[in-house]
Protein chains: 2
Amino acid sequence: MELHEPELRDVPVTAVLAALADDVRLGIVRTLAEGGEYACGTFEFGVSKATRSHHLKVLREAGLTRTRVAGTSRFVRLRREELDRLYPGLLDAVLAAPAPASAG
Amino acid sequence: MELHEPELRDVPVTAVLAALADDVRLGIVRTLAEGGEYACGTFEFGVSKATRSHHLKVLREAGLTRTRVAGTSRFVRLRREELDRLYPGLLDAVLAAPAPASAG
DNA sequence: GAGCTTGTTCGACGAAAGTCGAACAAGCGT
DNA sequence: ACGCTTGTTCGACTTTCGTCGAACAAGCTC
């Protein structure tokens, strides 16, 4: 299966912002920002796995994450370097903001 | 009339991001970022005045703008200092991104 | 006050987004 | 092959969002 992972510069900045403008997705990004890879099932934010899959797709198609397929699992990681290069300070500023609820 | 202008720290970061995640509103912010005050009628982005008023309300209630009433006009300005203090780098990063169309 | 300008508010409408359960696909173990 | 795990995709539903025209409010000028 082909995973759609666009170049970050091809994604409108409004799409990047929209991807971050959701509590569930921002929670995922906060977790990813700690570094390393996370299987999709890692993220439990009180939503069904269908919804979780949807949010991960939004993040991926906004150019924010990279996904590696391994068996039945998919490992997601944040494209932090590219993000910091194209939008220096954006991610840090967003992550520095207080989280609304249990984000882990 | 009371204008609702919340403290920026009381606005969830997702609301700030959502406010910026729209082409019309980002166009307004780009204009405001040049400094000074702008009457609401300044912003012509191919939308009706009802829609323009709506977007300005979204920006104001997200804590991004400050509005001064003067006669029949309302002058809007960006709350840049507060924004840069609470989310350092965010606005610069967003504004540095290429604009999608004529944003003036 | 009449008329004009500026901007907001009120439905209404269509489009988009978030959510879910159910079905499906693919890999791993035994 | 069978069952289990992991994750995606498919409707469907609800809510939110962007948009507009029309009506309204407030202030200015004559």
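Residues numbered from 1 in each chain as written. Chains lettered and ligands numbered in written order. Predicted model: local features only at pLDDT ≥ 70, side-chain atom pairs only at ≥ 80, totals over all residues. Heavy atoms only, no water.

Concerning the pairing of strand β2 (residues 65–70) of chain A
Residues and elements named next belong to chain A. As paired strands, β2 and strand β3 (residues 73–78) are joined by six bridges and run antiparallel to one another. Each residue of the ladder has a partner; that of Arg 66, found in β3, is Arg 77. What sits between the antiparallel neighbours β2 and β3 is a turn of two residues, in which Gly 71 has the positive phi angle 65°. (Pairing = 2+ DSSP bridges. Helix = DSSP H or I, 4+ residues; strand = E, 2+ residues; numbered from the N terminus.)

With respect to the packing of helix α1 (residues 13–20) of chain A against helix α1 (residues 13–20) of chain B
When two helices pack together, you describe them by how their axes are tilted relative to each other and by the distance separating the axes. Two numbers describe how α1 of chain A lies on α1 of chain B: the axes approach to 8 Å, and their chain directions differ by 155°. Judged on the interaxial angle alone, α1 of chain B and α1 of chain A are roughly antiparallel. Once α1 of chain A is placed against α1 of chain B, the crossing between them reads as left-handed. Touching Thr 14, Leu 17 and Leu 20 of chain A of α1 of chain A are Thr 14, Leu 17 and Leu 20 of chain B, all from α1 of chain B. Of the residues belonging to the contact of α1 of chain A with α1 of chain B, the class tally is four nonpolar, two polar and no charged. (Axes fitted to C-alpha atoms, helices over the stretch in contact; angles between N-to-C directions. Parallel < 35°, antiparallel > 145°, perpendicular 65-115°, else oblique. Left-handed = near helix turned anticlockwise from the far one by under 90°. Contact = heavy atoms within 4.5 Å. Nonpolar A, V, L, I, M, F, W, Y, C, P; charged D, E, K, R; others polar.)

Structural notes on the UniProt feature "domain: HTH arsR-type" (unreviewed entry) in chain A
Following the UniProt record, the feature "domain: HTH arsR-type" (unreviewed entry) maps to residues 5–98 of chain A here. A helix fraction of 48% and a strand fraction of 15% characterise residues 5–98 of chain A, whose end C-alpha atoms lie 29 Å from each other. (UniProt positions renumbered as here; feature names shortened; annotations may be inferred.)

Re the pairing of β3 of chain A
Pairing of strand β1 (residues 38–39) of chain A with β3 of chain A involves two bridges; the strand directions are antiparallel. Looking at β3 of chain A, one finds that Tyr 38 of chain A is bridged to Val 76 of chain A.

Quick look at the relation of the copies chain A and chain B
Mapping chain A onto chain B calls for a screw motion: a turn of 180° about the axis and a shift of 0.0 Å along it, with 0.0 Å RMSD after fitting. The transformation relating the two chain copies, once decomposed into turn and shift, fits a two-fold axis. Take the interface residues of chain A: 100% of them recur as interface residues in chain B, which is what a same-surface contact looks like. (Least-squares fit on C-alpha atoms with pLDDT ≥ 70 in both.)

Thoughts on the protein's contact with DNA strand C
Taken together, 21 residues lie around DNA strand C, and Arg 25, Ser 48 and His 55 of chain A together with Lys 49 and Ser 53 of chain B are the ones closest in. When the atoms of DNA strand C within 4 Å of the protein are grouped by moiety, sugar and phosphate amount to 66% of the total. Arg 25 of chain A has a polar side-chain atom sitting 2.9 Å from a phosphate oxygen of DNA strand C. Mapped onto the surface near DNA strand C, the elements with two or more residues apiece are α3 (49–61) of chain A together with α3 (49–61) and β3 (73–78) of chain B. Here the surface near DNA strand C gets four residues from one element, more than from any other, and that element is α3 of chain A. (Near = heavy atom within 4 Å. Polar contact = N/O pair within 3.5 Å; in protein donor to acceptor, adjacent residues only side chain to side chain.)

Thoughts on the protein's contact with DNA strand D
Not every one of the 21 residues close to DNA strand D is listed here, only the nearest: Gly 41 and Ser 53 of chain A together with Arg 25, Ser 48 and His 55 of chain B. Among all atoms of DNA strand D positioned within 4 Å of the protein, those belonging to sugar or phosphate total 68%. Gly 41 of chain A is positioned such that a nitrogen or oxygen atom in its backbone is 2.8 Å from a phosphate oxygen of DNA strand D. Broken down by secondary-structure element, the contributors of at least two residues to the surface near DNA strand D are α3 and β3 of chain A together with α3 of chain B.

Quick word on the packing of helix α2 (residues 23–32) of chain B against α3 of chain B
Residue and element names in this part refer to chain B. At a closest axis distance of 10 Å, the pairing of α2 and α3 adopts a crossing angle of 70°. By the criterion of interaxial angle, the relationship of α2 to α3 is roughly perpendicular. Both α2 and α3 take part in a crossing whose hand is right-handed. Across the interface between the two elements, Val 24, Arg 25, Ile 28 and Val 29 of α2 pack against His 55, Leu 56, Val 58 and Leu 59 of α3. In the contact of α2 with α3, the residues fall into six nonpolar, one polar and one charged.

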